[in-house]
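Notes for the structure review
Below, each chain spelled out in residue letters.
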Amino acid sequence: MDVHTFLAGIWYLLLGFILILYVITDGFDLGIGLFVLFERDETWRSGMMAGISGVWDANETWLVLFGGALFGAFPAVYAITLHALYIPVGAMLFGLIMRGIAFEFRVHAHDKRFWTQAFGGGSLIVALAQGFML
């Protein structure tokens, strides 16, 4: 077997593993973000948000690692994919930023409804963008 083929296979498996880790870890956070949209009790919403407070922002690190590894291992695939998916990737990044801002501001807000809706809306945007990219 050619060394280049072997290394390409290793990188392919590593990228798949990184992507699976992101889907599992951030899928939990996106699910909570969608559930807070439908929960009427503020105590339950605050409990759900507190449940992800320690890990919600670390999960996007898998996306950064995936993008860097894809660029390093397969630059042509990175270029073609990002060019073809420019709008959904931009929407996903917007949703992720919106979630981050809403999560942090919600903690300090007197009226938490707006920031809860923004967090849930960002989660919905991210989920829809990822579904479109898939």
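As shown above, the structure is provided for reference.
Residues numbered from 1 in each chain as written. Predicted model: local features only at pLDDT ≥ 70, side-chain atom pairs only at ≥ 80, totals over all residues. Heavy atoms only, no water.

Moving on to the packing of aromatic side chains. Taken as a whole, this structure holds four aromatic pairs when the rule is applied. Ring centres 5.1 Å apart and planes at 70° place the aromatic pair Phe71 and Tyr78 in the edge-to-face group. Residue Tyr78 is classed as partly exposed on the basis of its relative accessible area of 27%. Measuring from centroid to centroid gives 5.6 Å for Phe103 and Phe119, while their planes differ by 50°, and the two rings are tilted. Here the residue Phe103 occupies a position in helix 5 (residues 86–108), and Phe119 occupies one in helix 6 (residues 113–133), the gap between them amounting to 16 residues. (Phe/Tyr/Trp six-rings, centres within 6.5 Å; stacked < 30°, edge-to-face > 60°. Buried < 20%, exposed > 50% of the residue type's maximum accessible area, 1.4 Å probe, protein only. Helix = DSSP H or I, 4+ residues; strand = E, 2+ residues; numbered from the N terminus.)

Looking now at the packing of helix 1 (residues 3–38) against helix 3 (residues 61–73). Close contact between helix 1 and helix 3 brings their axes to 9 Å; oriented N to C, the two are set at 165°. Looking at the two axes, helix 1 sits roughly antiparallel to helix 3. Judged by the sense of rotation from one axis to the other, the crossing of helix 1 with helix 3 is left-handed. On helix 3, the residues that touch Trp11, Leu15, Ile18, Leu19, Leu21, Tyr22 and Thr25 of helix 1 are Trp62, Leu63, Leu65, Phe66, Ala69, Leu70 and Ala73. Of the residues assigned to the contact of helix 1 with helix 3, the class counts are 13 nonpolar, one polar and no charged. (Axes fitted to C-alpha atoms, helices over the stretch in contact; angles between N-to-C directions. Parallel < 35°, antiparallel > 145°, perpendicular 65-115°, else oblique. Left-handed = near helix turned anticlockwise from the far one by under 90°. Contact = heavy atoms within 4.5 Å. Nonpolar A, V, L, I, M, F, W, Y, C, P; charged D, E, K, R; others polar.)

Here we come to helix 2 (residues 42–52). For helix 2, the complete set of buried residues consists of Arg45, Met48, Met49 and Ile52. Projection of helix 2 onto a plane perpendicular to its axis shows the buried side chains occupying an angular sector of 95°, all on one side. Across from the buried face of helix 2, at angles greater than 90 degrees, the exposed residues are Thr43 and Gly51. Looking at the buried side of helix 2, the elements it contacts are helix 1, helix 5 and helix 6. (Arc of directions from axis to C-beta.)

Viewed as axis vectors pointing N to C, helix 5 and helix 6 meet at an angle of 155°, and their least axial separation amounts to 8 Å. Between helix 5 and helix 6, the crossing angle belongs to the class labelled roughly antiparallel. With respect to the hand of their crossing, helix 5 and helix 6 are arranged in left-handed fashion.

Turning our attention to the nonpolar core. Generally speaking, nonpolar side chains in soluble globular proteins are found buried as a group. With ten residues, the main nonpolar core is built from Ile32, Val36, Met48, Met49, Ile52, Trp56, Ala102, Phe103, Ala118 and Phe119. Those elements that place two or more of their residues in this core are helix 1, helix 2, helix 5 and helix 6. Among the elements that line this core, the one with the most residues is helix 2, at three residues. In this structure Phe119 touches Gly33, Val36, Met49, Ile52, Arg99, Ala102 and Phe103, once residues within four positions along its chain are discounted. Counting six residues, the second largest nonpolar core, distinct from the first, contains Tyr22, Leu30, Met92 and Val126. (Core = buried A, V, L, I, M, F, W, Y, C linked by side-chain atoms within 4.5 Å.)

Here the focus is the environment of Arg45. Within the secondary structure, Arg45 is located in helix 2. If near-sequence neighbours (up to four positions away) are discounted, Arg45 is found in contact with Val36, Glu39, Arg40, Arg106 and Thr116.

Here the focus is the pattern of salt bridges. Applying the stated criterion across every chain yields a total of five salt bridges. When the shortest N-O distance is used, the salt bridge between Glu42 and Arg106 registers 2.7 Å. Placement of the pair is Glu42 in helix 2 and Arg106 in helix 5, with a sequence separation of 64 residues. In this structure, the salt-bridge partner of Glu60 is Arg99, at a minimum N-O distance of 3.4 Å. Of this pair, Glu60 sits in the loop between helix 2 and helix 3 while Arg99 sits in helix 5, placing them 39 residues apart in sequence. Pair check on accessibility: Glu60 and Arg99 agree, each one buried. Beyond isolated ion pairs, a larger network of salt bridges with shared partners links Asp26, Glu60 and Arg99. (Salt bridge = Lys/Arg side-chain N within 4 Å of Asp/Glu carboxyl O.)

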